[in-house]
Amino acid sequence: MKHTTRSQLGLAIAAALFSSAAAADSNPIDFNGYIRGGVGSNSEKGQQTCFGLAGAGGKYRLGNECDFFTEFTFGYTLPKAADGATFKAVVMPGLQFNPYNGDPNPPPVTYLRQAYVEGSGIPELGGATIWAGRRFYKRNNYYPLDFYYWNDALTGAGIDNFPVWAGSKLSYAISRSNGVTGISDSATRHEFQWSDLPANAEGKINLGLTVVAADSDQPGTHGGTALSVQHAQGFSNGGKNKLTLQYGRGGAVDIGFVGNRGLTPHPASDSRSRLVDEVFFQMTPRLSGQADLIYQRDRFAAGAQTWTSYGTRLNYALTSHIKLVGDVGHDIVRPDGAPQRQLTKLTVAPAISLGNGYWDRPSIYFYYTYAKWNDAARAAAAATSALSASGPFGVANHGATVGVFLEAWW
């Protein structure tokens, strides 16, 4: 008898949801998705490889992603109630695999990325939205680095965007993180956000407070708190800037992914401070891009370090469907009492796209990537890293890759 794999099961469920919802002509589903993947080789005539610095929170992703990844979102809106109340169900399965590990047919990893129901337009809630399930929640991501610095992914419930003052809104969510089945090993997370506080012209302030309680009888688990303060500034030419300051302590020290990566092993004394400044700019009708500055200081009992990152991605339109895309990024990791690690990565990628704008997708990139690192970066790299002495470039502190890469969203 042929066995059904997890990926086949996930696709079957998604297909069933799609077909059943599509059958209801008065309530069609929303269908969205994301795909990325590519193929290439390195300058040592080996397989595609990617460059990331040990201790950094991300890597500059253009021409530097060595996996295939897909996620599809199915949203079904139920018929409105007589008073205007509306409920919507959302399901997002995901699939990822990495063919660059010596296995020509690696087993895929399947995810249930999101599965939740939300209700809006309910008169008793005064304009707020209520939800329950598993979902992405008010995420902030610096795209060229693929760095989710404020990412409240939750499995729980919440009430969002309750109007309070001068157009600002309050949101609250509660979630749980559980450990080993049959053991009292869990953590409760409370997420408070006050968003769209008026500041200057075209500027808003967003505030976030996370409180994690270690509901556990297991030693070595701790609660904690995290605070985020963000100034979001719009510009008349369509550009925008987000400056975010964050501080986390104890069980909330991870800030961006707090409460959804297992339990809370960080001792109460561990702390993390972070500054993220990301800007999107539209300099001319043809030239657009993003730039970042990140400073993160970790004071952990297991070891302290500083991570600094800065870089930019540029998009120049040559024709309606052909553009030249490039990025450069520099990461520095300074562990206390150890040598400083450095990595610089540069990519140039002509692309054919649905449109010539920065965010237009699908895009097919023909890329060349060059990276250079120092001895400390090579010494700290994992054995599977391109920077390692056991990697494709050996004891050399530089390397390159070429290839073709697809990214699509809709």
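Only a predicted model underlies this, so the values are computations on that prediction, with no experimental measurement involved.

A. Broad picture of empty space enclosed by the protein. Taken as a whole and judged by the stated rule, the model has three cavities of 30 Å³ or more. Looking at the largest cavity, its volume works out to about 50 Å³. Lining the largest cavity, in full, are Arg61, Leu62, Gly63, Glu65, Tyr143, Arg313, Tyr365, Phe405 and Glu407. A per-class count over the lining of the largest cavity returns four nonpolar, one polar and four charged. Put simply, the second largest cavity is a space of about 40 Å³. Of all elements in the fold, only strand E11 (203–216) and strand E12 (224–234) reach the threshold of two or more residues within the lining of the second largest cavity. A total of three residues in the lining of the second largest cavity trace back to one element, the largest contributor, which is E11.

B. Broad picture of the nonpolar core. Counting 20 residues, the largest nonpolar core has Phe51, Leu145, Phe147, Leu343, Trp373 and Leu387 as its most contacted members. Among the elements of the structure, strand E7 (147–150) and strand E19 (363–373) are those that each provide at least two residues to this core.

C. How the structure looks around the state of the cysteines. In total, this model carries one disulfide according to the counting rule given. Here Cys50 is linked by a disulfide to Cys66, with a sulfur-sulfur distance of 2.1 Å. In this structure, the disulfide formed by Cys50 and Cys66 twists by about 100 degrees around the S-S bond and is classed as right-handed. Taken together, the positions of Cys50 in the loop between strand E1 (29–42) and strand E2 (68–77) and Cys66 in the loop between E1 and E2 put the pair 16 residues apart, joining distant regions of the chain. For the pair Cys50 and Cys66, a shared accessibility class is recorded, and that class is buried.

Definitions and cut-offs
- Residues numbered from 1 in each chain as written.
- Predicted model: local features only at pLDDT ≥ 70, side-chain atom pairs only at ≥ 80, totals over all residues.
- Heavy atoms only, no water.
- 1 Å grid on protein atoms, 1.4 Å probe; cavity = no way out; pocket = protein on both sides within 12 Å on 5 of 7 lines; lining within 4 Å.
- Points joined across faces, edges and corners; volume = space filled by probe spheres on them.
- Nonpolar A, V, L, I, M, F, W, Y, C, P; charged D, E, K, R; others polar.
- Helix = DSSP H or I, 4+ residues; strand = E, 2+ residues; numbered from the N terminus.
- Core = buried A, V, L, I, M, F, W, Y, C linked by side-chain atoms within 4.5 Å.
- Buried < 20%, exposed > 50% of the residue type's maximum accessible area, 1.4 Å probe, protein only.
- Disulfide = S-S within 2.5 Å.

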